[in-house]
Amino acid sequence: QCTLWLRDRVYPGDLYYYITSFSIRVHIITWNVGSATPPDDITSLLGLNVGDGNTDMYIIGLQEVNSMINKRLKDALFTDQWSEVCMERLSPFGYVLVTSQRMQGVLLLVFAKYFHLPFLRGVQTETTRTGLGGYWGNKGGVSARMSVYGHTICFLNCHLPAHMENSDQRMEDFESILQQQQFEGQAATGVLDHDVVFWFGDLNFRIDDLEMQVVKSAIDNNKFSILWEKDQLNMAKDSETVLEGFQEGPLKFPPTYKFDVGTNTYDTSGKKRKPAWTDRILWRLRATAPAGAGKRGSISGLTSGAKVTQHNYRSHMEFTVSDHKPVSSIFTLQFPYKVDIPLVTIIVDDEWNSVADATAIFKLAPNYSRSSWDWIGLFKVGFKHYKDYVGYVWAKQEESDFLRQEHQVTFTEEELPKGSGDFILGYYSNNMSSIVGVTEPFQIVLPTSGDDTSSSDSSDVTSEDDSTVVMKMRSRSPSPRKGKHRGHPSGSRSRSGSPYQAQMKEVDVTKAPPPSTTAETDCKSIGGPAEGSSSHLSGPEEQEKNSQDPGV
Ligand SMILES: O=P(O)(O)O[C@H]1[C@H](O)[C@@H](OP(=O)(O)O)[C@H](OP(=O)(O)O)[C@@H](OP(=O)(O)O)[C@H]1O
């Protein structure tokens, strides 16, 4: 989890506050899965068998995820098998899918421990196709960016062109991805503007010059250093400006390409590909501001000082379903300060023993911009994503509550699970499209009367075109709240269906650029970087709602 300690005091302008240093642990995986279905057990890939439970985030970048499988599942409103298996394995350990992005076979999944959700803000994703001169998404990059406790991080998963002779093309495509991926917001518009960038994927760089025999003999004798200097990416690091600042750990594992499927034997097919480290994980810290900057409150001065420590960088030979081996790396990211004031605080009793106990109090931060479409979800511990709720209530504020600091919500019997279990409450901000407040786990022990209402997984998949598929979560219930619609809190218009449905409706009708979120205001107010927003709301629909919303 986050370690936190007091380090220093600074006086930026009139503000007086503490700088705290904290760290998060990030586990990154890249794997060209070669259109294979997921293996039964990916425990060792995720390190769940050996981990100390201190990983805060999992970032999983896959390439060559079977598009045909996705197309079939898309019709059935399910997600792809790889996303499913990752969620299945990680959710029991408290990891929730924060965001995902898919472009044909290139898939990026971002997971975090559920209690980090309120501090992961401005989540946005991007895709860039570079296949067929930019028209086809079989090659390219998908990224996810966010601020993590006030520090901007971008994860970029690429599948670059194959083959020995295409080293220059790979570099060109990488540059083109960097140029094209622009996020909304003031401080971090491009990938390289983020405090920390992780770049990984099947980058497809090969080992130049050396004969097959030499390469294989170096591998057999664990003399990888002979190969390092002929690795095209290593060579490019010396000459390509765009690679300045990118760092990579030593390649102490055998080349991860190309294997006969089902074996640990390098390619014996007619193609006879030379082994290569095609699958890589690199990172880059944003250039530190000049000395002295930030003393009087410069934002750039305060965003510098991030430190990345790589704990391991390895391949996983035990996985044989693909012609590539997976590669993983674990990092600690250390930052000089931490934004940890949630926008919404929810207070709940330790136990709900009867329906009458099912209440909670929520408090909004003064700068939080609420929407009348905000809701509070009841999640079973081990939930997979923010739509994976058992029940929900609208985060209603009565007009008479307007000046009060605290607001109460009540769950009715139909929103509660039967039997007992551990649950949390999460406050979903419609403007920010994310959870902005969570409780600690509490127990619900209610009389059992029949079926288990814990939700089952499903997700919606929307497609902008044939090559880009964006997964958006939906309630796990087959048809959430069908036939038991809850009224809208304003009372002036009723809303049927789930909060998800309400949100999707708004997404459909809004085209205007999203507004800055209060999260960003929050960051700025303590000197953090201004952020982009992933909010989908603004424009007429929102204005119409605001005019009816007692809380706005
Ligand atoms: O044609 P594009 O869309 O570029 O895709 C290529 C081709 O399928 C390559 O096969 P071929 O060599 O028959 O052209 C294959 O190389 P290998 O079969 O050598 O692996 C590449 O695999 P990756 O190297 O895994 O990306 C894959 O990315």
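Residues numbered from 1 in each chain as written. Predicted model: local features only at pLDDT ≥ 70, side-chain atom pairs only at ≥ 80, totals over all residues. Heavy atoms only, no water.

**Quick notes on the side chain of asparagine 234**
Okay, so step 1: Residue placement: asparagine 234 occurs in helix α7 (residues 232-239).
Okay, so step 2: On the accessibility criterion, asparagine 234 (19% relative accessible area) is buried.
Okay, so step 3: In this view, asparagine 234 contacts Trp228, Glu248, Leu251 and Arg280; residues no more than four positions away in its chain are not counted. (Helix = DSSP H or I, 4+ residues; strand = E, 2+ residues; numbered from the N terminus. Buried < 20%, exposed > 50% of the residue type's maximum accessible area, 1.4 Å probe, protein only. Contact = heavy atoms within 4.5 Å.)

**Remarks on the site of the ligand**
Okay, so step 1: For the ligand, the set of nearby residues contains 16 residues, the closest of which are Asn138, Tyr257, Lys271, Arg273 and His324.
Okay, so step 2: Histidine 163 has a polar side-chain atom sitting 3.1 Å from an oxygen atom of the ligand.
Okay, so step 3: Contact distances for the ligand include 2.7 Å between an oxygen atom and a side-chain N or O atom of tyrosine 257.
Okay, so step 4: Against a free-state accessible area of 540 Å², the protein chains account for coverage of 68% of the ligand.
Okay, so step 5: Of the residues in the shell around the ligand, the class split is two nonpolar, six polar and eight charged. (Near = heavy atom within 4 Å. Polar contact = N/O pair within 3.5 Å; in protein donor to acceptor, adjacent residues only side chain to side chain. Areas by Shrake-Rupley, 256 points an atom, 1.4 Å probe, with all protein chains shown as cover. Nonpolar A, V, L, I, M, F, W, Y, C, P; charged D, E, K, R; others polar.)

**Topic: the domain arrangement of the chain**
Okay, so step 1: If you check the domain split of the chain, you get domain 1 (22-289 + 303-335) and domain 2 (344-444).
Okay, so step 2: If you average the C-alpha positions of domain 1 and of domain 2, the two centres end up 36 Å apart.
Okay, so step 3: Both faces combined, the contact of domain 1 with domain 2 buries some 1,000 Å², and carbon together with sulfur accounts for 68% of it.
Okay, so step 4: The largest contributions to the domain 1 side of the interface with domain 2 come from Ser91, Tyr114 and Pro118, which together make up 45% of the buried area.
Okay, so step 5: In this assembly, domain 1 and domain 2 are joined by one salt bridge.
Okay, so step 6: For glutamate 88, the salt bridge identified is with lysine 384, shortest N-O distance 2.6 Å.
Okay, so step 7: On the surface where domain 1 and domain 2 come into contact, there are three residue pairs in polar contact (both at pLDDT 80 or more).
Okay, so step 8: Contributions of two or more residues to the side of domain 1 that touches domain 2 are made by α3 (81-90) and β4 (95-103).
Okay, so step 9: Among the elements that make up the side of domain 1 that touches domain 2, the one with the highest residue count is β4 (three residues). (Domains from an automatic or database assignment. Buried area = accessible area lost by both parts, 1.4 Å probe. Salt bridge = Lys/Arg side-chain N within 4 Å of Asp/Glu carboxyl O.)

**Focus: the sheet that holds strand β16 (residues 359-364)**
Okay, so step 1: Ordered in space as β14-β16-β19, the three strands form an open sheet in which the pairing is antiparallel. Of all the strands in the sheet, just β14 (344-347) and β19 (406-410) have a single pairing partner and so form its edges. Pairs of neighbouring strands in the sheet enclose a mean axial angle of 25 degrees, with direction left out of account.
Okay, so step 2: Where β14 lies against β16, four bridges are found, and the strand directions are antiparallel. Note that in β16 the partner of threonine 345 across the bridge is lysine 363. (Pairing = 2+ DSSP bridges. Axes fitted to C-alpha atoms, helices over the stretch in contact; angles between N-to-C directions.)

**Quick look at the packing of aromatic side chains**
Okay, so step 1: Within this structure, the stated rule accounts for 29 aromatic pairs.
Okay, so step 2: Seen from their ring centres, phenylalanine 198 and phenylalanine 331 are 4.8 Å apart, and the 50 degrees between their planes marks the pair as tilted. Of this pair, phenylalanine 198 sits in strand β9 (residues 196-202) while phenylalanine 331 is found in strand β13 (residues 327-335), placing the two residues 133 residues apart along the sequence.
Okay, so step 3: For phenylalanine 198, a relative accessible area of 0% gives the class buried.
Okay, so step 4: For phenylalanine 331, a relative accessible area of 0% gives the class buried.
Okay, so step 5: Between the aromatic rings of tyrosine 392 and tryptophan 394, the centroid separation amounts to 5.7 Å while the plane-to-plane angle is 80 degrees, which identifies the pairing as edge-to-face.
Okay, so step 6: For tyrosine 392, a relative accessible area of 0% gives the class buried.
Okay, so step 7: Geometry around phenylalanine 205 places arginine 170 over its ring, the cationic atom sitting 5.1 Å from the centre.
Okay, so step 8: Over the ring of tyrosine 428 we find lysine 387, and its NZ or CZ is 4.8 Å from the ring centre. (Phe/Tyr/Trp six-rings, centres within 6.5 Å; stacked < 30°, edge-to-face > 60°. Lys NZ or Arg CZ within 6 Å of the ring centre and 35° of its normal.)

**Considerations on α3**
Okay, so step 1: Taking burial as the measure, the ten residues of α3 include seven buried ones, the bulk of the element.
Okay, so step 2: Every buried residue of α3 is accounted for by Trp82, Ser83, Glu84, Val85, Cys86, Met87 and Leu90.
Okay, so step 3: Residue aspartate 80 occupies the N-cap position of α3, its side-chain oxygen lying 2.9 Å from the main-chain nitrogen of tryptophan 82.

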